[in-house]
Amino acid sequence: MPRRRDADVAIRATDLSLLRASRGGDVRVVDGVSFVLPHGATLAVMGPTGAGKSSLAAVLAGTEASGVAVVGGDAWVGGIPVRRPGRARRELTYFTGYLEQRAGASLPSRMTVGEVIGEPITSRDRRVNQRALAVRVATLLDELMLPLGASAKYPYELSAGMRQRVAFARTLVLEPRVLIADDPFANLDVEVRRAARDAIIRRRARGMSTLIVTNEADVVRELDADVLVLRAGHTVAYGRGTEHLLWTPSSSADHRLVAS
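Residues numbered from 1 in each chain as written. Predicted model: local features only at pLDDT ≥ 70, side-chain atom pairs only at ≥ 80, totals over all residues. Heavy atoms only, no water.

Caption draft 1: The arrangement of the sheet that holds strand 8 (residues 209–213) in detail. Overall, mixed pairing links the seven strands, which are arranged 6-7-8-3-9-10-11 in an open sheet. Whereas interior strands pair on both sides, the edge strands pair on one side only; in this sheet they are strand 6 (96–99) and strand 11 (244–247). For this sheet, the mean inter-axis angle between neighbouring strands, taken without regard to orientation, is 15 degrees. Pairing geometry for strand 3 (residues 42–46) and strand 9 (residues 226–231), over four bridges, is parallel. Looking at strand 9, one finds that Val45 is bridged to Leu228. In this fold helix 5 (residues 160–172) packs onto strand 6 and strand 7 (178–182), with an angle of close to 165 degrees to the strand it touches most, strand 6. (Pairing = 2+ DSSP bridges. Helix = DSSP H or I, 4+ residues; strand = E, 2+ residues; numbered from the N terminus. Axes fitted to C-alpha atoms, helices over the stretch in contact; angles between N-to-C directions. Contact = heavy atoms within 4.5 Å.)

In structure tokens:
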């Protein structure tokens, strides 16, 4: 089991720039973004479509499948540089839980729900205690208001909201020290959304740091989050909550985004 190294903050980004390769040519999707996420805190990343929010989240989570590369500056997650993590990438993906956008729609169709949730553990340790794993899966199902019988079902047998909660449970199964979640409350009704929010708050009280991509002001208030607003890959506002943001002079049109 990888050992998490000590770091003064959960995430530190310094002049971070990201490039996405595409058929039409390389596109800079994030340009010179800097911020700090302390341990046990929450940062909400907001902005219009195409602002670079999801690309930023994917790179910070250490995923290699995003097609996005760091071309300037750097960011450190738990003390590990995302630009050149090397062998530490495995450690980064161990203590960082990543819930990608529309995660519930891309669950493996040939695995049961129990196997899907436990896969981050079984993929690292094939000698895992199956009884202990079953208990952990059942605990997560209960926490996210899913029936225990769902463990034996396949994702295609569940509703969109249930699949989203399965993806969320999978993200939490390793008890991450840093949670990076892209629109985590998609397809969730009010009661279930509250359960998912409370799952984050409970873990944050134990020291988990959270970076959430969202455009919902209610989420920012409920999670008492700091806010970073992006537009076309640039930071246009940064501050506490949605009511105490320091905006750049040219960003007046973006104020409506965080006031809703």
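Caption draft 2: Summary view of the packing of aromatic side chains. Applying the stated criterion across every chain yields a total of one aromatic pair. Aromatic side chains Tyr154 and Tyr156 sit 5.9 Å apart centroid to centroid with 10 degrees between the ring planes, which places their arrangement in the stacked category. When its relative accessible area of 30% is taken as the criterion, Tyr154 is described as partly exposed. (Phe/Tyr/Trp six-rings, centres within 6.5 Å; stacked < 30°, edge-to-face > 60°. Buried < 20%, exposed > 50% of the residue type's maximum accessible area, 1.4 Å probe, protein only.)

Caption draft 3: Focus on the pairing of strand 4 (residues 68–77). Bridging between strand 1 (residues 11–20) and strand 4 involves eight bridges; their strand directions are antiparallel. Paired with Ala13 across the two strands is Ala75, which belongs to strand 4. Across two bridges, strand 4 lies against strand 5 (residues 80–81) in antiparallel orientation. Among the inter-strand pairings, Val77 is bridged to a residue of strand 5, identified as Ile80. Between the antiparallel neighbours strand 4 and strand 5 lie two residues, among them Gly78 with a positive phi of about 60 degrees.

Caption draft 4: Spatial organisation of the environment of Ile121. Among the structural elements, Ile121 can be located in helix 3 (residues 113–122). Sequence spacing of Ile121 and Val173 is 52 residues, and the spatial spacing of their C-alpha atoms is 7.8 Å. Excluding anything up to four places from it in sequence, Ile121 contacts Val128, Leu133, Arg136, Val173 and Leu174.

Caption draft 5: Fine view of helix 4 (residues 130–143). The terminal C-alpha atoms of helix 4 lie 20 Å apart, and with 14 residues this matches the ideal 20 Å at 1.5 Å per residue to within 8%. Looking only at helix 4, the buried set comprises Leu133, Val137, Leu140, Leu141 and Glu143. Burial along helix 4 is one-sided: seen end-on, the buried residues are contained in an arc of 165 degrees. More than 90 degrees from the buried face of helix 4, the exposed residues found are Arg131, Val135 and Asp142. Contact partners of the buried residues in helix 4: helix 3, helix 5 and helix 6 (190–205). Directly beyond the C-terminal end of helix 4, a positive phi value near 60 degrees is found at Met145. (Expected span 1.5 Å × (residues − 1). Arc of directions from axis to C-beta.)

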